[in-house]
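# Breakdown of the fold
This is what each chain is made of:
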Amino acid sequence: MLLTDETICAVSTAPGMGAIAVLRVAGPQAIAVVDTLYRSPREGKRLVDQKANTFHFGSIVDGSDVVDDVVVSLYRAPHSFTGEDMVEIACHGSVFIQQRILQLLVQHGVRTARPGEFTQRAFANGKMDLSQAEAVADLISSQSEAARRVAMRQMKGGLSSELHSLRDELLQFCTLLELELDFSEEDVEFADRSQLISLVEKIYKLVSSLASTFKVGNAIKNGVPVAIVGPTNAGKSTLLNTLLNEERAIVSDVHGTTRDSIEDTMVISGVVFRFIDTAGLRATDDVVEKIGIQRTYDKITHASVILAVVDSSLDHDEIVSTLTDISHHVSSADQQMIVVLNKADIPGASVTLDEPTLRNLGSHSQVAISAKQKSGVDELHRLLIEAAGMNINADQTIVTNLRHYEALVRSHEALVRVRQGLVSNLSGELVSMDIHDVLDELASITGEVSSQEVLNNIFAHFCIGK
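Residues numbered from 1 in each chain as written. Predicted model: local features only at pLDDT ≥ 70, side-chain atom pairs only at ≥ 80, totals over all residues. Heavy atoms only, no water.

Okay, the overall build of the protein next. Looking only at helices and strands, one finds 16 helices and 13 strands in the protein. Looking at the 466 residues of the protein, the share that counts as buried comes to 49%. Carbon and sulfur atoms make up 51% of the accessible area of the protein, which totals about 22500 Å². (Helix = DSSP H or I, 4+ residues; strand = E, 2+ residues; numbered from the N terminus. Buried < 20%, exposed > 50% of the residue type's maximum accessible area, 1.4 Å probe, protein only. Areas by Shrake-Rupley, 256 points an atom, 1.4 Å probe, with all protein chains shown as cover.)

We now examine the nonpolar core. Formed by 36 residues in total, the largest nonpolar core has its most connected members in Leu 239, Phe 273, Phe 275, Leu 307, Ile 338 and Leu 384. Top element by residues in this core is helix H13 (residues 377-387). It accounts for six residues. Excluding its chain neighbours within four sequence positions, the residues that come into contact with Leu 384 are Val 226, Ile 268, Phe 273, Phe 275, Val 305, Leu 307 and Ile 338. Membership of the second largest hydrophobic core comes to 29 residues, among which are Leu 170, Val 399, Leu 439 and Ile 445. (Core = buried A, V, L, I, M, F, W, Y, C linked by side-chain atoms within 4.5 Å. Contact = heavy atoms within 4.5 Å.)

Let us look at helix H2 (residues 95-107). Here H2 is 13 residues long and its end C-alpha atoms lie 18 Å apart, about the 18 Å a rise of 1.5 Å per residue gives. Among the residues making up H2, those that are buried are Ile 97, Gln 98, Arg 100, Ile 101, Leu 102, Leu 104 and Leu 105. Tucked into the core, H2 has its buried residues touching strand S1 (8-11), strand S2 (20-26), helix H1 (30-37), strand S4 (54-62), strand S5 (65-75) and strand S6 (86-92). The opening residue of H2, the one whose side-chain oxygen lies 3.2 Å from the backbone nitrogen of Phe 96, is Ser 94. (Expected span 1.5 Å × (residues − 1). Polar contact = N/O pair within 3.5 Å; in protein donor to acceptor, adjacent residues only side chain to side chain.)

Looking now at the sheet that holds strand S10 (residues 271-277). Spatially, the six strands line up as an open sheet ordered S9-S10-S8-S11-S12-S13, and their pairing is mixed. If you trace the sheet from one side to the other, it starts and ends with strand S9 (262-268) and strand S13 (365-368), each paired once. Each strand axis lies, on average, 25° off the axis of its neighbour in the sheet, ignoring direction. Contacts from helix H9 (residues 236-244) reach strand S8 (224-229), S9, S10, strand S11 (305-311) and strand S12 (336-342), with the element oriented near 155° to S10. (Pairing = 2+ DSSP bridges. Axes fitted to C-alpha atoms, helices over the stretch in contact; angles between N-to-C directions.)

This part covers the packing of aromatic side chains. Under the definition given, this model contains four aromatic pairs. Summarising the aromatic geometry, the rings of Phe 123 and Phe 459 are spaced 6.3 Å apart at their centres and angled 35° between planes, so their arrangement reads as tilted. Of this pair, Phe 123 sits in helix H3 (residues 117-124) while Phe 459 sits in helix H16 (residues 452-460), and the two are 336 residues apart along the sequence. Measuring from centroid to centroid gives 5.2 Å for Phe 459 and Phe 462, while their planes differ by 40°, and the two rings are tilted. In terms of burial, Phe 459 and Phe 462 fall into one category: buried. It is Arg 24 that lies over the ring of Phe 118; its NZ or CZ is 5.4 Å from the centre. Across the ring face of Tyr 204, the terminal group of Arg 419 is positioned such that the distance to the ring centre comes to 4.2 Å. (Phe/Tyr/Trp six-rings, centres within 6.5 Å; stacked < 30°, edge-to-face > 60°. Lys NZ or Arg CZ within 6 Å of the ring centre and 35° of its normal.)

This brings us to a nonpolar patch on the surface. On the surface, a nonpolar cluster with roughly 320 Å² of combined accessible area is contributed by Phe 55, Phe 57 and Val 71. Within the secondary structure, Phe 57 is located in strand S4. Accessibility expressed as a relative area gives 49% for Phe 57, which makes it partly exposed. (Patch = residues over 30% accessible without salt bridge, like charges linked within 9 Å, V, L, I, M, F, W, Y side chains within 5 Å. Salt bridge = Lys/Arg side-chain N within 4 Å of Asp/Glu carboxyl O.)

Among the seven residues of S11, seven are classified as buried, and the element is accordingly described as predominantly covered. Burial along S11 is two-sided: the face carrying Val 305, Leu 307, Val 309 and Asp 311 and the face carrying Ile 306, Ala 308 and Val 310 are both buried. Judged from the four bridges that link them, S8 and S11 form a sheet pairing that is parallel. Bridge assignment links Ala 227 to a residue of S11, and that residue is Ile 306. Looking at chain direction, S11 and S12 are connected through seven bridges and run parallel. Within S12, the residue paired with Ile 306 across the bridge is Met 337.

Looking at the secondary structure, you find Gln 366 in strand S13. Relative accessible area serves as the criterion here: at 18%, Gln 366 is assigned to the buried category. A distance of 2.7 Å separates a polar atom in the side chain of Gln 366 from the backbone nitrogen of Leu 353. For Gln 366, the residues in contact, after removing those within four places along its chain, are Val 339, Leu 341, Thr 352, Leu 353, Leu 358 and Leu 383.

We now examine the sheet that holds S4. The strand order across the open sheet built from seven strands is S3-S4-S5-S6-S2-S1-S7, with neighbouring strands paired in mixed fashion. At either margin of the open sheet sits one strand with a lone partner, and together these are strand S3 (38-39) and strand S7 (111-112). Inspection of the sheet shows S5 paired to S6 by five bridges, in the antiparallel sense. Following the sheet pairing, Val 71 is matched in S6 by Ala 90.

Right, let's talk about the environment of Thr 446 for a bit. For Thr 446, the location among the structural elements is in helix H15 (residues 428-446). Once the C-alpha coordinates of Thr 446 and Phe 123 are considered, the two residues, 323 residues apart in sequence, prove to be 9.9 Å apart. Not counting the four nearest positions on each side in its chain, Thr 446 is found in contact with Phe 123, Asp 129, Leu 130, Ser 131, Ser 160 and His 164.

This part is about the pattern of salt bridges. Pairing between side chains of opposite charge can happen when their charged atoms approach one another. Using the criterion set out here, one finds 20 salt bridges in the structure. Ionic pairing is found between Glu 379 and Arg 382, a salt bridge with its closest N-O pair at 2.7 Å. Note that Glu 379 and Arg 382 are positioned in helix H13 at a spacing of three residues, about one turn of the helix. Given the relative accessible area of 32%, Glu 379 is considered partly exposed. Overlapping salt bridges bring together Glu 6, Glu 84, Arg 111, Arg 114, Glu 117 and Arg 121 as one network.

What follows is the structure in structure tokens.
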């Protein structure tokens, strides 16, 4: 339990004015303090005498002055979000009323909460582990169905449950190895090395599998970066406008209209994509346009998916030559290039490339579209989801947090050392040290092992009131 006699308060709804605002008060004096400010329509009714998990209509008063009519929600320890006594006050959304009630609470000895302090108290009081607490922030900031689903699964303990059982088994073996040290002179063996190797292999596969999901998880959380590249007048800006369903980029028959990148986002099948329209690729003496083209190549480097847009009404060899130039700038094996054969509505347009040509370009997919006529867009949506690796199982645990990923990578490295030590018949003492490294890294994810500095840094990025 979190040992503190401080009671805290904050506005939990979004800043600004709305129909209703919610103020949250938590701590040992939460109910008593709100009770001093609360007046019920029923004579003699007091909040301190009411049952937990109940709602009460009344007024918040400052002496004889009625500040606002409110609904008070009452929660008692340990059955609340923070594990403490907690009160939520739903008032009208006037910013003035919100601040007036906060001032009254502070005048009665309640402290204003720091960012994330309610969730930090929930973690400290054992209501959730650290990975679940971090998922609360992810859920609040989720911008798509995929991000919501992943955050909700982690908040319900999806990642924690995968780590706990294996960590417990590994801890048991570590205990047996250390017990052997007390009987080293008698040459006894409590920990079955073959079973330990099997367990290490099992954990190794799980950790590797979880770490491998981070690329997808990061894309779900922050959006999949998609660079729209190609020569001038291939229809890149028209395609961006079609995808976004708005006139976001200037469209013109004049070559070199787009000289800098234009970015915007949209949700496709519950996944956020960050589309980046880039300067057209061509030989030019224009200094400004050259800078834009260099930025195009930079955007290719940092994109997860590249839409290589070409005018399919052009000569086949010219199309292949253009795509070859683009493919030379796709440097990572993790990047996916989709060939977009635009202007497919023009008679005589090349609507497909043969498979050998496509493979030589390093691409596995192509689509014929007319950005102007908005045809072929549904197929492009499907290919984007596929290229981004978003066809995930609903029950799959996805790692979205960089801190978790780094801990998994370090535990993976420690597991390699454990495995090598077991194969080399190293002493139990040395193997035990590496096992402790694995245990500590896995425990750091759930917060069983964590420094106050790490905790403060994590919760400082939460919004106030959560």
